[in-house]
2 protein chains.
Amino acid sequence: MTTIHEVAHAAGVSISTVSYALSGKRPVSEKTRKRIEDAVHTLGYEPDAGARMLAGRRTHIFALTEPLRADTHAPTHMAFVLATAVAARRQGYDILLLTDEQTSEGMNRVAASNLVDAILVLDVAPDDERVAIARTVRTPTVFIGLPDDSEGLTCVDLDFEAVGHLAVDRLADAGHERITLLGQTEVSYRRSNFPRRLLHGVQERIAARGIALTWSVTGAASTEPAAVRAAAEEALARGDRAFIVHAVDDVHEILLSVLDEHGLTVGADVAVISAAASFDTAMLSVPIDTIPLIPQQSCELAVDLAVRSLDGEAAPRIHLIPPEYRAVGSVSPAGD
Amino acid sequence: MTTIHEVAHAAGVSISTVSYALSGKRPVSEKTRKRIEDAVHTLGYEPDAGARMLAGRRTHIFALTEPLRADTHAPTHMAFVLATAVAARRQGYDILLLTDEQTSEGMNRVAASNLVDAILVLDVAPDDERVAIARTVRTPTVFIGLPDDSEGLTCVDLDFEAVGHLAVDRLADAGHERITLLGQTEVSYRRSNFPRRLLHGVQERIAARGIALTWSVTGAASTEPAAVRAAAEEALARGDRAFIVHAVDDVHEILLSVLDEHGLTVGADVAVISAAASFDTAMLSVPIDTIPLIPQQSCELAVDLAVRSLDGEAAPRIHLIPPEYRAVGSVSPAGD
DNA sequence: TTGAAAGCGATACCAC
DNA sequence: GTGGTATCGCTTTCAA
């Protein structure tokens with residue numbers, strides 16, 4: 001195993017110079033730096049993780065707690081995990097996985113043993129038990145999601161209420177006076193809080209703009225596609241010609257096929273907006289305007305906040321990411 | 001931060017006794033052990049991870065490399081990650097995530113820096129680049145999956161060929177002479193090797209038993225359900241009354257609904273076996289005999305092998321897990 | 001059955 | 001701009 005001593009010897013300098021050359025925490029002359037870098041390269045030197053943790057006060061590891069509930073949407077969840085890992089790595093951090101069954105035990109353990117520099121919390125529930133732990137632990141913690149009680153916490157999330165506002169505004173501006181919201185599964189309105197926040201945003205804005213709303217909870221599209229069809233059919237029967245879809249990709253496809261069966265053209269006869277979807281809506285059979293939920297955005301910001309809090313910057317606060325509207329032509333004036 | 005010194009002081013012993021009491025590597029009298037345990041408990045002591053890594057030669061961390069390809073089936077993949085994490089934790093190990101973009105770089109880095117005790121490789125491709133790295137690195141590596149060239153490696157996987165044999169045998173024993181295999185997507189037959197192995201097992205056995213086989217590649221069920229329907233319809237038109245399904249849950253459901261539309265009763269008019277599925281086939285609308293792929297099995301064995309290889313046991317070799325048939329009545333004699 | 005002390009391999013302070 | 005060295009907290013001989 002290559003140690004810093006061997007590198008120092010090969011480069012003809014002391015170990016402290018090697019350390020400083022690598023960390024950049026002290027100026028090193030151009031030539032010695034070059035010699036050191038060469039030695040590092042030819043010897044394939046990589047600082048020992050344990051020694052670095054012990055001597056420095058950084059482990060260069062973040063914990064990621066992810067409670068995999070039965071109703072977790074795997075693709076979305078994976079996108080968040082991946083985005084977090086990539087963002088962390090770019091800042092020189094690795095990700096240590098903390099799964100269920102060890103949620104509280106795991107957080108306490110990694111904190112007490114100084115195994116990680118910070119903890120990132122995924123898939124936050126309204127009454128998340130990890131909130132209490134985050135408050136007792138010394139290790140900086142960043143929530144990707146928003147619990148009901150976020151007092152004193154650092155949280156990052158898409159501004160779902162603003163998503164609701166934005167969606168309604170677009171449809172209202174296009175002249176629609178009746179909107180159907182195809183929502184998530186019933187259970188997700190209880191277990192998570194972002195569906196509620198989006199719904200709330202929508203309700204606020206329809207009230208302000210005098211618009212009629214019908215909100216339909218959808219079942220899991222894969223197991224009960226009939227429920228989604230039924231909701232779509234009823235909406236059309238009611239005369240609704242504007243849809244906000246806050247659901248998985250399958251639900252979008254079902255809606256699109258129902259519209260197609262009725263001979264309705266998206267963007268002409270009927271308006272559709274996909275709200276807070278994290279999959280690529282360009283993959284749908286018909287392009288749909290979208291107000292995307294971008295995992296990379298939330299996760300990069302979360303990692304940034306974690307890093308900054310290690311440097312003493314960053315006071316606890318909630319960071320709501322403003323939504324962005326991406327038009328591709330699925331919304332047009334009503335009745336045109 | 002609580003250190004081993006404080007624990008030793010509180011218990012009135014030396015730090016070495018504390019260390020031994022906790023590791024159990026040296027006998028400690030009952031009373032002193034009790035005193036130490038009490039001190040540990042009241043002080044909330046947890047050994048410093050960095051110090052432990054440096055002094056001991058174990059980090060108590062396993063790396064898990066998971067290349068998330070575009071065609072990765074998220075739920076299955078998550079099941080494997082989760083199963084690995086749980087199994088590792090039970091043996092006192094945490095999981096460090098190594099994603100794409102850093103596959104080779106990551107493996108080399110964690111190995112060179114002694115960050116992990118072993119590396120677990122998920123989602124193995126036939127010509128996986130991680131095979132070469134595993135051979136150059138000192139860190140013990142266990143593959144969960146089987147690459148084409150597995151010389152000198154430790155691999156764990158379901159015996160997919162045996163799954164093929166078993167499925168054909170059951171159908172043949174029930175008197176079926178014509179079988180349709182609804183397989184995976186085309187791309188997975190190129191990118192992975194377990195679909196090929198299952199197919200091969202099926203082909204071997206139908207040849208041996210003189211049975212006619214039609215193999216259909218299915219598209220992604222969610223985006224091209226029509227392709228799956230078509231394959232099922234053709235099979236019925238051909239007169240096939242026995243199906244082996246090696247695909248995601250959606251494909252199963254489509255087949256079942258086609259059978260239903262034709263007035264065919266599973267287990268009476270037609271035989272269906274689900275091969276190597278990792279989801280719960282009891283959740284399907286009609287119960288189906290299954291030869292399951294159990295992530296927990298592979299992952300637990302893999303973790304076991306990793307742990308054992310640290311103790312110098314376990315020589316490199318391939319571990320194929322024998323398949324198991326679970327009958328629920330979806331297979332019966334042909335033409336009855 | 002228990003204790004003293006020598007490392008483990010970095011970081012970062014104190015000198016020069 | 002560079003070098004010496006105390007230090008981090010634990011594991012593990014070596015001794016008693």
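Described below are features of the structure shown in this document. Keep in mind that this is a model prediction, so the values were computed, not measured.

Conventions adopted
Residues numbered from 1 in each chain as written. Chains lettered and ligands numbered in written order. Predicted model: local features only at pLDDT ≥ 70, side-chain atom pairs only at ≥ 80, totals over all residues. Heavy atoms only, no water. Least-squares fit on C-alpha atoms with pLDDT ≥ 70 in both. Contact = heavy atoms within 4.5 Å. Core = buried A, V, L, I, M, F, W, Y, C linked by side-chain atoms within 4.5 Å. Buried < 20%, exposed > 50% of the residue type's maximum accessible area, 1.4 Å probe, protein only. Helix = DSSP H or I, 4+ residues; strand = E, 2+ residues; numbered from the N terminus. Pairing = 2+ DSSP bridges. Axes fitted to C-alpha atoms, helices over the stretch in contact; angles between N-to-C directions. Buried area = accessible area lost by both parts, 1.4 Å probe. Salt bridge = Lys/Arg side-chain N within 4 Å of Asp/Glu carboxyl O. Polar contact = N/O pair within 3.5 Å; in protein donor to acceptor, adjacent residues only side chain to side chain.

1. A word on the relation of the copies chain B and chain A
The two copies are related by a screw motion: chain B maps onto chain A through a turn of 180° and a shift of 0.0 Å along the axis, at an RMSD of 0.1 Å. With respect to symmetry, the two chain copies, as superposed, fit the operation of a two-fold axis. The residues that chain B uses at the interface reappear at the interface of chain A in 100% of cases, marking a shared surface.

2. A word on the nonpolar core
Phe62(A), Leu120(A), Ile244(A), Phe62(B), Leu120(B) and Ile244(B) are the most contacted members of the largest nonpolar core, which totals 97 residues. When residues of this core are assigned to their parent elements, the largest contribution, 7 residues, is made by helix H13 (residues 295-310) of chain B.

3. Focus: the sheet that holds strand S2 (residues 94-99) of chain A
The sheet built from 12 strands is open, its strands ordered S11(A)-S5(A)-S4(A)-S3(A)-S1(A)-S2(A)-S2(B)-S1(B)-S3(B)-S4(B)-S5(B)-S11(B) with mixed pairing. The open sheet has two edge strands, strand S11 (318-321) of chain A together with strand S11 (318-321) of chain B, and neither has a second partner. Strand-to-strand twist of the sheet, defined as the mean angle between neighbouring strand axes without regard to direction, takes the value 25°. Pairing analysis gives 4 bridges linking strand S5 (residues 154-158) of chain A to S11(A), with the strands arranged parallel. By the bridge assignment for S11(A), Leu158(A) is matched with Ile321(A).

4. Topic: the sheet that holds strand S7 (residues 212-216) of chain B
Backbone-to-backbone hydrogen bonds join strands into a sheet, with any given pair of strands oriented parallel or antiparallel. Residues and elements named next belong to chain B. Spatially, 5 strands are ordered S7-S6-S8-S9-S10 in an open sheet, and the strand pairing comes out parallel. Here the strands that pair on one side only, and so sit at the sheet edges, are S7 and strand S10 (289-291). For this sheet the average axis-to-axis angle between neighbouring strands, irrespective of direction, equals 20°. Pairing between strand S9 (residues 271-275) and S10: 3 bridges, direction parallel. The partner of Ser 274 across the bridge, within S10, is Thr 290. Here helix H10 (residues 194-209) sits on the sheet and contacts strand S6 (178-182), S7, strand S8 (242-245) and S9; the angle it forms with S7, its principal contact strand, is near 165°.

5. Some points on the interface of chain B and chain A
Listed per partner, the contact involves 37 residues of chain B and 37 residues of chain A. When chain B packs against chain A, close to 3,300 Å² is buried across both sides, 67% of that on carbon and sulfur atoms. The partner of Arg89(B) in a salt bridge is Glu105(A), with the nearest N and O atoms 4.0 Å apart. Counting the contacts that link chain B with chain A gives 8 residue pairs in polar contact (both at pLDDT 80 or more). Of all elements in the fold, only helix H4 (49-55), helix H5 (74-90), strand S2 (94-99) and helix H6 (103-112) of chain B reach the threshold of two or more residues within the side of chain B that touches chain A. Looking at which element gives the most residues to the side of chain B that touches chain A, the answer is H5(B), with 9 residues.

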